[in-house]
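# Close look at the chain arrangement
The lines below spell out each chain.
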Amino acid sequence: MNKTRRLQEFFTRRLLQALGLLLLLVCAAFMSYLPVVTVIDNKILDLQFKLSREYTPQKISIDPIVVGMDEAFLDEIDEPLSLNHLHLANFLKAMNQAGAKVVGMDLSLPEKRFDALISTRKDAIDFHKVLLTGLLENIQSLPVVVAKVWDLKHAHYRDIQVDYAAVLGMQGEQFQAVASAEFCRDSDQRIRRFPGADCQPDRIGRGLATEIAAAAGVRQDWSGLINYRLGARFTYVPLQDILKLAQQGKTAELQQRFAGKVILLGATMDATDLVDLPVSLAAWLPANDPNPGVLAHAQLLRSILNQRLLQQTSNLSLFALSALFALFWLGRSIRIKLMVFTLATLGLLVASGLAMQYDVWLPPTAIFLTGLLALGSSSSWQAWQHFIDKQRLSKAFSGRVSPAVMQEIVEGRIDQISQSRRLPVCVLFSDIRGFTTLCEHAQANDVVSLLNRYFARMSKIVHDHGGTIDKFIGDGLMAFFGAPQQLDNPAQNAFNAAREMLSALAILNQELQDEGKQTLQIGVGLHAGDAVIGQVGSAERHEYTAIGDTVNTAARIEGLCKDVGYPIVCSATVHANLAEAGTLIALGDQNLKGRSAIAVYGWQPL
C-alpha cells in the first residue's frame, strides 16, 4: 500500500503529461517511416498532381519532343523491329540535318552484328554496316544517348554490339552515351521518384534522362521527385512521318520543327513497355490507361531541363511540424482542441498545396497522424482521469448523500442542484415509536448499532423507489421524491416506499425477536405539494434539502400515526394520486399543530 502511494506521489499529473508528450515526440520521429504513411502520402501526392494539372497548369520553356514507333510504323516496314538498323540510321541523319540539340533513344541497340543476314530486297543492305555508318556520320555534330536495359533473368545489363558501343563512346566524357533506362517504383509500382543510384541495379546514378540532359549541357547532382505538374499531355511525332520528310528532302520543315530541340525516340505502341504513372501523360490514350515508358523519361527530362524536380521537405522540418501537432496532447478542453485540430488539419493541407506551387512536396500524413494520436491519447487520458475522479468522488461521498444527488455531482451538474427551485415533490417522514424509552434501558453502542441496522434497510428502500434522503433526525428519517430525479408520480413512489418499509420492518422485527431483543414500530407520514429544493447552508457546510409548507405538513401528518392507529398516514393530495386509493381508510379532517385541519387517509398491512 505504501509503495503504491509513493508511486502515485512520484508520478504526478504533470510528470505523466510530460512523459506522454515525450512518447508522442518519439512516435513523431518514426511516423514518416511507416509503410502505410508512405502509401497515403503517395495517394495525396497523386491527387495534388491531378488537381494542379487541371486548375494550375505549369508552362515550361524547355520541352522535349517525343518521336514514337507505333503500330503504323510496324505496318510500313518490311523488316522485323529488331532489324530496324536502316530506319534508325535514317532517323539520326534526319535529326542531324534538322539541327536537333540531342537525340535520346529509349530502346536498346542490337546485341549482335546481324551481318550474316541478307535482305531479299533489290537494294540489299548490310544491316550492321548501315547503322554503324549512321552513328559514325552523325555523332560528330549530334549527341546521341541510347538506353541499356536490365536483364532480370541473367542479372546484368544487356550488352549492345561492341562496335556500336565503341562508336557511341567516342562522343567524349561530357555524358555517358549508354545509360540505364531503369526507374524507381514505389510499393504500388508507380513511378514518382528520380531514378538515382539507390534504385539502379549497378548503383550508378546515371540514367537515360540524366545523360540526355548532360548531352544538352545540363549536368547536376539530381534528387527528388519527378514533377508531373509540368507541361501539357504529350503528343508524339510518328517516326515514319520524319523518315518521309527526310526522304522527300524537306530539310527546311525538319529544321523548323526540330532545330535546337531535345528529341526522345521510343515505343508508343499499345502493348509495349507500359508503365503506371500518377497522371496520364499520353494525349492519345484514355485517362486511366497505362502510359508508354518513354513518357516517363520525357517527363523526367522536363523536370531536369527546367530544373524543377520536386524537393521533399526535410526530415527536420517534418519532425518540427509533427512536434507542433503533438502539442494537442496538452490542454483540457477537448471541444476546443478538436476545433483547433480541424483548423490545423485544413491549414496543413493548404500549406501542402501552396508548397507544391514552389516545387516543394510537404507530405502531411505523418504530421496529421501525430496530431490525431496526440488528440486521441489526450481524450482517452482525460476520460480515464475523469473516471478515476468520479470513482474517488463517489467513494468519498458514498453514504453522505443520496445516490441521485451523488449522480448529479459526479456528472458535473452541481450547479443544477445548488440553485434553488420550486418543484412538485412528495415528502416522507418516518419515526420509531417509543424509541426514547428504549434508549433509556440500552447501552449506547447497542442503540447506535440498532439504528444503523434499521436505517440501512430503510435507506435502500427509499433509494430503490427514486427518493432522496434529506436527513436522519435521531430515530427519524426525512426523504422526498421528485428531485433531483424527476418522477412521473412522486406520490405513488413515496407510498410504495412506505409500504415496503413496513414489510422490511416486519423482517427486522423477526430477527430482533429471535435475538431476544425488543421489536420496533414506526409511523410514516406522506404529503405532496410544491417545495423549495436546493442547497441550504454556508460555503463551508451546506446540504441539499427541501423546505416549505409541504415539508412541515408531512412532518405533522407523521405525528398523527400514533393517534389514529395507522402506520401510514397521508394527505388527500397524496391519496388522489395513488392507484391503490381504494385500499386506504378515510380518517376525516385532522387537526395539525400550527395549521388548520386537513383530510387524511390511513393504511395498514393485512
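Shown above is the structure to which this text applies.
Read on for a plain summary of the structure. Chains are numbered independently. Their residues run from 1 in the order of the written sequence. For a predicted model such as this one, the threshold for reporting local features is a pLDDT of at least 70, and the threshold for listing and counting side-chain atom pairs is 80 or more; totals across whole chains, interfaces and linings nevertheless cover every residue. Computation of side-chain values: all heavy atoms of the structure, hydrogens and water removed.

### Describing the overall build of the protein
Note the cut-off: A run of DSSP states H or I qualifies as a helix once it reaches four residues; a run of E qualifies as a strand once it reaches two. Both are numbered from the N-terminal end. Taken over C-alpha atoms, the radius of gyration is set against a globule rule of 2.2 Å times the number of residues to the power 0.38. In this scheme, a residue with accessible area under 20% of its type's maximum is buried, one over 50% is exposed, and one in between is partly exposed, where area comes from a 1.4 Å probe on protein chains only. In what follows, residue pairs with any heavy atoms lying within 4.5 Å of each other are defined as contacts. For accessible areas, the Shrake-Rupley method is used with a probe of radius 1.4 Å. Any residue's cover is judged against the shown protein chains and nothing else.
A count of helices and strands for the protein gives 21 helices and 20 strands. A compact globule built from 606 residues would reach a C-alpha radius of gyration of about 25 Å, whereas the protein, at 47 Å, exceeds it by more than 25%. Taking the principal axes of the C-alpha coordinates as reference, the protein spans close to 140 × 55 × 45 Å. Taken across its 606 residues, the protein has 46% of its residues classed as buried. Taking the contacts inside the protein whose residues are at least 6 apart along the sequence as the reference set, 74% of them involve residues at least 24 apart. Total accessible area on the protein stands at roughly 31,200 Å², and carbon and sulfur atoms take up 55% of it.

### Some points on a nonpolar patch on the surface
Just so we agree on the cut-off: Nonpolar side chains (Val, Leu, Ile, Met, Phe, Trp, Tyr) are joined into patches within 5 Å and like charges within 9 Å, using only residues with over 30% relative accessible area and no salt bridge. Throughout this description, the term salt bridge denotes a Lys or Arg side-chain nitrogen within 4 Å of a carboxyl oxygen of Asp or Glu.
On the surface, a nonpolar cluster with roughly 650 Å² of combined accessible area is contributed by Leu19, Leu22, Leu23, Val26, Phe30 and Tyr33. Assignment of secondary structure puts Leu22 in helix 2 (residues 13–31).

### Overview of the state of the cysteines
Threshold: Our working definition of a disulfide is a cysteine sulfur pair at a distance within 2.5 Å.
Applying the stated rule across the entire model yields one disulfide. The structure places no disulfide on Cys426, whose sulfur is separated from the nearest cysteine sulfur, that of Cys570, by 8.2 Å. Residue Cys426 is classed as buried on the basis of its relative accessible area of 0%.

### Side note on the environment of Ala267
Assignment of secondary structure puts Ala267 in strand 8 (residues 262–267). Taking C-alpha positions, Ala267 is 6.4 Å from Asp70, a pair spaced 197 residues apart along the chain. Residues within four places of Ala267 in sequence aside, it is in contact with Met69, Thr272, Pro292 and Val294.

### Looking at the pattern of salt bridges
Scanning the model with the defined rule gives 23 salt bridges in all. The closest approach of N and O atoms between Arg433 and Asp431, which form a salt bridge, is 3.4 Å. Overall, the relative accessible area of 22% leaves Arg433 in the partly exposed class. Exposure remark for Asp431: the relative accessible area of 21% places this residue in the partly exposed category. A salt bridge links Asp549 to Arg595, with the nearest nitrogen and oxygen atoms 3.1 Å apart. Of this pair, Asp549 sits in helix 20 (residues 549–564) while Arg595 sits in strand 20 (residues 595–603); the two residues are 46 residues apart in sequence, bridging distant segments of the chain. Classification of Asp549 as partly exposed rests on a relative accessible area of 49%.

### Observations concerning the packing of aromatic side chains
The description of an aromatic ring pair uses the distance of the two centres, along with the angle that the planes make with each other. Inclusion rule: Pairing of aromatic rings covers Phe, Tyr and Trp, the last through its six-membered ring, and needs centres within 6.5 Å; plane angles under 30 degrees mean stacked, over 60 mean edge-to-face, and all others mean tilted. Two limits define a charge over a ring: the Lys NZ or Arg CZ must be within 6 Å of the ring centre, and within 35 degrees of the ring normal.
If you walk through the whole model with that rule in mind, you get 11 aromatic pairs. Considering the side-chain rings of Tyr454 and Phe455, the 5.1 Å spacing of their centres and the 55° angle between planes classify their relative orientation as tilted. Here Tyr454 matches Phe455 in class, with each residue buried. Each member of the aromatic cluster is reached from another via a ring pair, and the members are Phe325, Phe328, Phe341 and Phe368. The ring of Tyr157 is capped by Lys148, whose NZ or CZ atom sits 4.5 Å from the centre of that ring. Positioned above the aromatic ring of Trp603, the side-chain terminus of Arg499 is 5.9 Å from the ring centre.

### Some points on unusual backbone geometry
For the bond from Ala483 to Pro484, the omega torsion is -5°, close enough to zero to count as cis. Within the element layout of this structure, Pro484 appears in the loop between strand 15 (476–481) and helix 19 (490–514). Backbone geometry places Arg203, a non-glycine residue, at a positive phi of 60°. Tracing the backbone shows Arg203 in the loop between strand 6 (178–180) and helix 8 (208–215).

### Regarding the sheet that holds strand 3 (residues 144–148)
Applied cut-off: Strand pairing is assigned whenever DSSP detects at least two bridges linking the two strands. Lines fitted to the C-alpha atoms define the axes, with helices restricted to the stretch that makes contact. Angles between their N-to-C directions range from 0 to 180 degrees.
Ordered by their spatial adjacency, six strands build an open sheet running 6-3-2-8-1-7, and the pairing between neighbours is parallel. Of all strands in the sheet, those with a lone pairing partner are strand 6 and strand 7 (236–238), marking the two edges. Looking at each pair of strands side by side, their axes are set apart by 30° on average, direction ignored.

### Some thoughts on the environment of Arg332
Tracing the backbone shows Arg332 in the loop between helix 12 (315–326) and helix 13 (334–357). Residues Arg332 and His154, 178 residues apart in the sequence, show an inter-C-alpha distance of 63 Å. Residues contacting Arg332, with those up to four places away along its chain left out, are Arg13 and Gln382.

### Some words on the packing of helix 5 (residues 85–98) against helix 9 (residues 239–247)
Convention followed: Any angle between 65 and 115 degrees counts as roughly perpendicular, while under 35 counts as roughly parallel, over 145 as roughly antiparallel, and the rest as oblique. Here a crossing is taken to be left-handed if its near helix is turned anticlockwise relative to the far helix by less than a right angle, and right-handed if that turn runs clockwise. Side-chain classes are defined by residue name, with Ala, Val, Leu, Ile, Met, Phe, Trp, Tyr, Cys and Pro counting as nonpolar, Asp, Glu, Lys and Arg as charged, and the others, Gly among them, as polar.
Between helix 5 and helix 9, the shortest axis-to-axis distance is 9 Å and the interhelical angle comes to 65°. Here helix 9 runs roughly perpendicular to helix 5, going by the angle between their axes. Crossing handedness for the pair helix 5 and helix 9: left-handed. Within the contact between the two elements, helix 5 uses His87, Asn90, Phe91, Ala94 and Met95 and helix 9 uses Leu239, Ile242, Leu243 and Ala246. When grouped by side-chain class, the residues that make up the contact of helix 5 with helix 9 number seven nonpolar, two polar and no charged.

### Regarding the side chain of Ser322
Its place among the elements puts Ser322 in helix 12. For Ser322, a relative accessible area of 2% translates into the label buried. The residues touching Ser322, leaving out its near neighbours within four places in the chain, are Ala28, Ala366, Ile367 and Thr370.

### Looking at the nonpolar core
Under the convention used in this document: Side-chain atoms within 4.5 Å link the members of a nonpolar core, which is a set of buried Ala, Val, Leu, Ile, Met, Phe, Trp, Tyr and Cys residues.
Grouped together as the largest cluster of nonpolar side chains are 83 residues, with contacts concentrated most on Phe91 and Leu109. When neighbours within four sequence positions are excluded, Leu109 is seen to be in contact with Leu88, Leu131, Leu135, Val146, Ile160, Tyr164 and Leu168. With 41 residues, the next largest nonpolar core counts Leu428, Tyr454, Val462 and Ile469 among its residues.

### Observations regarding a negative patch on the surface
Counted only if it meets this: Residues scored as charged are limited to Lys and Arg (positive) and Asp and Glu (negative), so that His and the chain ends carry no count. The atoms used to mark charge sites are NZ of Lys, CZ of Arg, CG of Asp and CD of Glu.
A contiguous patch of negative charge on the surface is contributed by Glu71, Asp75, Asp270 and Asp289. Along the chain, Asp75 falls in helix 4 (residues 71–76).

This is a description of form; function is not addressed.
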